[in-house]
Structure formats: structure tokens, C-alpha cells
Amino acid sequence: ADRLQVRSEARPGFMVFNPCSFTRRAALEFEGLGGPLPIGDAIKATEHENGFSRCVVEVPPFGYVWIPATPGGTPPKPKFKTAEGLTIRNEFFEMDVDAATGGIRSFRDYRTRLTRFGQQLVYNPGSTLKVGAIKVTNAGSALGEITSEGELISAQDELLATFKQRFRAWVGRPVLEMRIELDVKHEPSGYPWHGYFGARFGWRDDRAVLFRGVNGQNTQTGYTRPVSPEYLEVRFGAERSFLFTGGLPFLQRHGSRMADVILVPEGERQRSFELLLS
């Protein structure tokens with residue numbers, strides 16, 4: 001960063017690098033800037049509230065974007081409601097939270113209005129979900145966010161874990177961000193394919209074909225337990241829906257329309273996980 005600025009005017013700011021050969025859009029949050037960032041060529045969306053500045057920036061291939069730390073913009077007027085009730089949205093998709101499970105009731109595009117994915121948390125071999133709260137935690141001009149909290153209960157009414165799920169839709173980014181946090185009270189044990197906490201995703205048509213991403217290659221799969229550290233694609237005709245697992249490689253299918261992303265088997269110590277839907 002210093003080398004790139006050797007002939008530039010000295011001023012505080014942030015430099016965002018893109019090491020990839022294609023354009024990327026990054027969602028960023030800054031604290032203490034004092035005001036909104038200006039909308040410009042690189043900054044596609046911005047908002048400022050409660051000391052936080054949020055923005056979506058477009059970074060060129062093998063390049064960088066400079067963001068000044070001195071805000072000089074005016075608060076933009078929202079073009080639509082990014083979050084209201086149980087729904088978050090941007091210009092690419094809408095997502096409804098399920099009031100009964102705290103998961104995804106419907107993730108859909110605007111063209112067909114058909115559900116691409118549904119989701120809920122599970123404990124294998126069996127559990128029920130008890131939702132404590134679902135609330136809109138941000139509804140700005142750049143970010144719509146809904147958070148749900150609740151419990152996973154066994155058939156014997158034993159508390160297995162508490163959970164918190166955060167769903168985010170950024171203006172200008174065609175992905176739904178999911179963050180899952182678990183506080184496990186009952187540690188899973190035994191064969192890891194049989195005893196685990198997981199995120200179960202479902203799609204609407206059992207004729208859909210699955211593809212997995214491994215080492216940058218897209219390969220059709222019919223396995224019950226496809227290993228896919230990059231993504232799982234559900235393809236139905238020209239419709240392509242993607243679940244990016246964030247590096248979680250182990251999935252287990254249930255029938256022809258559901259698959260679990262395994263989060264916490266026996267011995268796992270991680271308790272927070274981030275996934276994307278597109």
C-alpha cells in the first residue's frame with residue numbers, strides 16, 4: 001500500500017486489493033468514520049448509522065480501490081426497503097425467514113418468483129426447532145439484515161443447542177450471506193455421518209441435477225455424500241442455484257430434494273459458520 005502511494009498525497013484511507021483475474025464486489029464495514037462515504041465509480045452502495053459506515057465496492061481484476069477515511073458524501077435515499085417483517089431483498093433476489101424454524105422459507109429470484117432454496121438447522125438423528133426471536137437488525141440503503149434465535153430440542157425435550165442465524169442482502173451483490181452460530185449443549189458422538197449438527201437445504205423439484213465444485217472443476221454428482229469444499233449447484237433446466245459452503249466439504253443428501261451441510265460432528269470445536277446462496 002505504501003509503494004502504490006509513493007507519489008500520492010498523504011491522506012488516511014483504506015485500500016482494497018483484488019488478487020483474482022475477475023472483477024469482484026466486496027461488502028465492507030468501517031467504524032468511526034463520522035459520516036457516509038461518497039457514492040462513486042467504485043462505491044456502488046453506502047450507508048451510515050450508529051457510528052458504522054457500510055459500503056459495497058467494485059474492485060477491478062488484479063487491482064485495488066482506494067477508499068478515503070474522511071467521509072464526504074450525503075446519505076443516499078433508499079431505492080427500496082432492504083428489510084421489513086420477515087423479508088430481506090436487493091435488486092437480485094428476495095428471501096423470507098420461516099417464523100416456525102428461524103431458517104429460510106423462500107430464497108427466490110424476481111423473474112420467476114419460484115423458490116430456489118429453503119433451509120433450517122437440524123440435529124441428526126432428530127430434533128425440533130423452537131424459535132425465540134426473529135427481528136430486523138438492519139434496514140439501510142446498502143444492507144438488509146434479519147437475525148433469528150432459538151433452540152434445538154430432542155424428542156425427549158432435552159436442550160441440544162441454542163442457535164443464532166444472521167441473513168444479509170447487500171445492495172449490488174448477487175449473493176445471500178448466512179452466518180450460523182451454535183452454542184452446543186449436547187456434544188454429538190459416534191459415527192459422524194449419523195450424529196451431527198447441520199444446515200439442511202431443500203429445493204423444490206426432485207428432477208434437479210446436482211453438481212459439485214472441486215479444485216475449480218464443475219462435476220455432476222449422484223453420490224449420497226458428495227465431498228464439495230467449494231459449492232453445490234442445483235441445476236433444473238436453465239435454472240442454476242448455488243450453495244457456497246465456505247470450505248465445509250461434507251454434505252449428506254436426504255432423498256432427492258434435500259442435503260445437509262455438516263457443521264458440528266464429534267470432535268468439532270468451531271461454532272460459527274458462513275455460507276452463501278446465489
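Let me begin by describing the structure that accompanies this report. Along each chain, residue indices are assigned from 1 in the same order as the chain's sequence is written. Totals for whole chains, interfaces and linings use all residues, but because this is a predicted model, local features are given only for residues with pLDDT of at least 70 and pairs of side-chain atoms are given and counted only at 80 or more. Neither water nor hydrogens contribute to the side-chain values; these are computed over all heavy atoms in the structure.

**Details of the sheet that holds strand S7 (residues 87-89)**
And then number 1: Only strands joined by at least two bridges in the DSSP assignment are considered to pair. Helix numbers and strand numbers start at the N terminus; a helix is a DSSP run of H or I with at least 4 residues, a strand a run of E with at least 2. Reading across from one edge, S6-S7-S8-S9-S10-S15-S21-S20 is the order of the eight strands in this open sheet, with antiparallel pairing throughout. Edge positions in the open sheet fall to strand S6 (83-84) and strand S20 (251-254), since each of these has one partner strand only.
And then number 2: In the sheet, strand S15 (residues 196-202) pairs with strand S21 (residues 258-264) via six bridges, with the strands oriented antiparallel. The residue bridging Gly 198 from the neighbouring strand is Ile 262, located in S21.

**Quick word on the packing of aromatic side chains**
Here the distance between the centres and the angle between the planes together describe a pair of aromatic rings.
And then number 1: Stacked, tilted and edge-to-face are the three classes applied to pairs of Phe, Tyr and Trp rings, where Trp contributes its six-membered ring and a pair requires centres within 6.5 Å; stacked means planes under 30 degrees apart, edge-to-face means over 60, and tilted covers the rest. Tallied over the entire structure, the rule returns nine aromatic pairs.
And then number 2: With centroids separated by 5.1 Å and ring planes inclined at 55°, the aromatic side chains of Phe 93 and Phe 107 adopt a geometry described as tilted. In this pair, Phe 93 sits in strand S8 (residues 93-97) while Phe 107 sits in strand S9 (residues 104-109), placing the two residues 14 residues apart along the sequence. Each member of the pair, Phe 93 as well as Phe 107, is classed as buried.
And then number 3: On the basis of an interplanar angle of 80° and a centroid distance of 6.2 Å, the ring pair of Phe 117 and Phe 201 is categorised as edge-to-face. With Phe 117 in strand S10 (residues 115-124) and Phe 201 in strand S15, this pair connects stretches of sequence that are 84 residues apart.
And then number 4: Think of it in three bands: with a 1.4 Å probe and only protein chains considered, a residue is buried below 20% of the maximum accessible area for its type, exposed above 50%, and partly exposed in between. Judged by relative accessible area, which is 1%, Phe 117 ranks as buried.
And then number 5: One aromatic cluster in this structure is built from Tyr 231, Phe 242 and Phe 244.
And then number 6: The positively charged end of Arg 235 is found above the aromatic ring belonging to Phe 211, 3.9 Å away from the centroid. For a lysine, the NZ atom is tested; for an arginine, the CZ atom; a charge sits over a ring if that atom is within 6 Å of the ring centre and within 35 degrees of the ring normal.

**Regarding the sheet that holds strand S16 (residues 209-214)**
And then number 1: With respect to topology, nine strands assemble into an open sheet ordered S11-S12-S13-S14-S22-S19-S18-S16-S17, the strand pairing being antiparallel. Each of the sheet's edge strands pairs with one partner strand only, and the pair in question is strand S11 (128-139) and strand S17 (217-221). Pairwise comparison of adjacent strand axes, ignoring direction, gives a mean angle of 20° for this sheet.
And then number 2: With ten bridges connecting them, S11 and strand S12 (residues 143-153) associate as antiparallel partners. Considered in S12, the bridge of Asn 138 is made with Glu 145. Between N-to-C directions, angles span 0 to 180 degrees; the directions come from axes that are lines fitted to C-alpha atoms, helices contributing only their stretch in contact.

**Examining empty space enclosed by the protein**
Take a probe with the size of a water molecule and roll it over the atoms, and the empty space left behind shows itself.
And then number 1: Put simply, the grid is 1 Å and covers the protein atoms alone, a cavity is a trapped set of points that fit a 1.4 Å probe, a pocket is an open set with protein on both sides within 12 Å along at least five of seven lines, and lining residues have an atom within 4 Å of a point. Grid points are joined across faces, edges and corners, and a volume is the space filled by probe spheres set on the points. Considering all chains together, one arrives at one cavity of 30 Å³ or more under this definition.
And then number 2: As a volume, the largest cavity reaches approximately 70 Å³.
And then number 3: In this structure, the largest cavity is lined by Thr 115, Arg 116, Trp 203, Arg 204, Asp 205, Ala 208, Val 234, Phe 236, Glu 239 and Ser 241.
And then number 4: At the level of elements, S10, strand S18 (231-236) and strand S19 (239-244) are the ones that each hand at least two residues to the lining of the largest cavity.
And then number 5: Just so you know the grouping, Ala, Val, Leu, Ile, Met, Phe, Trp, Tyr, Cys and Pro go in nonpolar, Asp, Glu, Lys and Arg go in charged, and all remaining residues, Gly too, go in polar. Tallied by class, residues from the lining of the largest cavity come to four nonpolar, two polar and four charged.

**A look at unusual backbone geometry**
And then number 1: Omega for the bond connecting Asn 124 with Pro 125 falls within 30 degrees of zero, at 25°, which places this linkage in the cis form.
And then number 2: Tracing the chain through its elements places Pro 125 in the loop between S10 and S11.
And then number 3: Not every positive phi belongs to a glycine, and Arg 113 is a case in point at roughly 65°.
And then number 4: Turning to its location among the elements, Arg 113 is positioned in the loop between S9 and S10.
And then number 5: Relative accessible area serves as the criterion here: at 42%, Arg 113 is assigned to the partly exposed category.
And then number 6: Its identity is not glycine, yet Asp 157 carries a phi of approximately 60°, on the positive side.
And then number 7: As for its position among the elements, Asp 157 is in the loop between S12 and strand S13 (159-170).

**Considering the side chain of Thr 101**
And then number 1: Following the sequence through the fold, Thr 101 ends up in the loop between S8 and S9.
And then number 2: Taking relative accessible area as the criterion, Thr 101 reaches 13% and is therefore assigned buried.
And then number 3: Polar contacts, as used here, are pairs of N or O atoms within 3.5 Å; protein pairs need one atom able to donate a hydrogen and one able to accept it. Residues neighboring in sequence count only if both atoms are side-chain atoms. From its side chain, Thr 101 meets the backbone nitrogen of Gly 103 in a polar contact 3.1 Å long.
And then number 4: With residues up to four places along the chain from it excluded, the contact list for Thr 101 reads Gln 119, Gln 120, Leu 129, Val 131 and Phe 163. A contact between two residues is defined here by any heavy atoms of the two lying within 4.5 Å.

**With respect to the layout of surface pockets**
And then number 1: Within this model, the largest pocket holds a volume of roughly 440 Å³.
And then number 2: For the lining of the largest pocket, the secondary-structure elements that each account for two or more residues are strand S1 (13-17), strand S2 (24-31) and strand S22 (272-277).
And then number 3: When grouped by side-chain class, the residues that make up the lining of the largest pocket number ten nonpolar, two polar and five charged.
And then number 4: Taken as a whole, the second largest pocket holds about 240 Å³ of empty space.
And then number 5: Considering the residues around the second largest pocket, the lining is formed by 16 residues, among which Lys 44, Ala 45, Lys 79, Ser 141 and Val 171 are closest to the centre.
And then number 6: Per-element accounting of the lining of the second largest pocket gives the leading share, three residues, to strand S3 (residues 43-49).
And then number 7: Here the lining of the second largest pocket is built from residues that sort into six nonpolar, five polar and five charged.

So far we have only geometry, and geometry alone does not tell us how the molecule works.
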